[in-house]
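Letter by letter, the chains look like this.
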Amino acid sequence: MGRKGSPRSPQAEGGSRAASPPSSSPSSPLWALPEELLLLICSYLDAQALGRLGQVCRRLRFLSSRDLLWRRIARGCLNSGFTQLGTDLLMPWMELDGEYLYLSQAENIQAYRLCPDGTGLQRQPQAIFSGHQEDVCRFVLVNSHIVSGGGDGNIVLHKIHGSYSVKFSAHEQEVNCVDFQGGLIVSGSRDRTAKVWSLSAGRVGQCLHTVQTEDRVWSIAISPLLSSFVTGTACCGHTSPLRIWDLESSQLLTCLGTDFHRGAGVLDVFYETPSLLLSCGYDTYIRYWDIRTSTRKCVQEWEEPHDSALYCIRSDKNHMIASGSSYYGVVRLWDKRQTRCLQSFHLSSPTSSPVYCLRFSTTHLYAALASALHVLDFTAP
């Protein structure tokens, strides 16, 4: 339902920092126009015309290479299929809250009431939360508030029951991940920074700290103790992709792991308790960390048997873990007391798709793929 580009592997994107526009003095009235208007003009060009424009001069090369322009062209190359709700799904994100499922669809987040039997959604959304000019990358639902990060570099805060909303510019590039706890927002971006934002009265949207992560940030989570937060990065640099930062000062507290190979980016992190943390990503492993015992090595790990990247994980904070793979819509259930996968579900047919997001309860599991939202009923015989 959201329209996004293809999965962003570290090998595909490279590790270069976003360039700054050349500082040469303008010699044409064209450069007197605001950047927003220049980008709007360029948005009418196709791929060939953009490529030719970038050969004119350094400044036009910088302008024509902006992600905002090429993301639109990339979407047109994708065959997304259709869902039962009648719209495309591409790299969606979702949250469960009681009898509602919140699902990102392009620039919006829509709230769908679950059917009484839990096997599907009502066709019409009960509410739509807007505010982004580009696709919603990720969002969280906490204490009747939705906090979302988008491809436009903005963060938007909505109050579910009411018309209150706040939008502020957060990053120079897309906001890949957000979390919200205790009146603070943490965000991570492709611009190689993580930021801490205030939501206290009179300081809403004020940046309290900026962390230079030296790598693109794919995942982020605040500790349940509200004292620190963890970032998962693309692992294209020389530092660990999993790092824990002090929430008050944003100083680095510790790095997790020592044996990550280059490109082993962390795509999802999940706190079970203040000291127990799950992570997964491009290196095909689920890792279980206990920071009380060791930060150098995880206490348990499970390898995806088909050597696929793992896009998302969730646990019931007891023995059960669910993971979503990058190929053929594979959802796997794991028991922490066992080394092998407990059960597998292949949801993507006939075309391959990652499982971009999953959520589950004691009775149902919801998995969002590129072309459909699937529901697994654990109560069915």
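Check the entry above for the structure.
Everything numeric in this text was worked out from a predicted model, so none of it was measured.

**Side note on the packing of aromatic side chains**
Aromatic ring pairs are described here by two measures, namely the spacing of the ring centres and the angle between the planes. One pass over the structure, following the stated rule, counts six aromatic pairs. Aromatic side chains Tyr100 and Tyr102 sit 6.5 Å apart centroid to centroid with 45° between the ring planes, which places their arrangement in the tilted category. One exposure class covers both Tyr100 and Tyr102, and it is buried. Taken together, a centroid distance of 6.4 Å and an interplanar angle of 45° make the contact between Tyr288 and Trp302 tilted. Placement of Tyr288 in strand S19 (residues 285-290) and of Trp302 in strand S20 (residues 300-303) is noted, with a sequence separation of 14 residues between them.

**As for the sheet that holds strand S12 (residues 206-212)**
Pairing is antiparallel across the open sheet formed by four strands, whose spatial order is S9-S10-S11-S12. Since the sheet does not close on itself, it has two edges, and those belong to strand S9 (175-181) and S12, each with one partner. Adjacent strand axes in the sheet meet at a mean angle of 20° when their direction is disregarded. Note: strand S10 (residues 184-189) against strand S11 (residues 193-198), five bridges, orientation antiparallel. Looking across to S11, one finds that Ile185 is bridged to Trp197.

**Considerations on the sheet that holds strand S8 (residues 165-169)**
Whether parallel or antiparallel, the strands of a sheet pair through hydrogen bonds between backbone atoms. On the basis of which strands lie adjacent, the open sheet formed by four strands has the order S5-S6-S7-S8 and antiparallel pairing. Two strands bound the open sheet, and with one partner strand each, they are strand S5 (136-142) and S8. Across this sheet, the average inter-strand angle for adjacent strands is 15°, counted without regard to direction. Judged from the five bridges that link them, strand S7 (residues 154-159) and S8 form a sheet pairing that is antiparallel. Following the sheet pairing, Ile155 is matched in S8 by Phe168.

Calculation rules
Residues numbered from 1 in each chain as written. Predicted model: local features only at pLDDT ≥ 70, side-chain atom pairs only at ≥ 80, totals over all residues. Heavy atoms only, no water. Phe/Tyr/Trp six-rings, centres within 6.5 Å; stacked < 30°, edge-to-face > 60°. Buried < 20%, exposed > 50% of the residue type's maximum accessible area, 1.4 Å probe, protein only. Helix = DSSP H or I, 4+ residues; strand = E, 2+ residues; numbered from the N terminus. Pairing = 2+ DSSP bridges. Axes fitted to C-alpha atoms, helices over the stretch in contact; angles between N-to-C directions.

So yeah, pure geometry; function would need other evidence.
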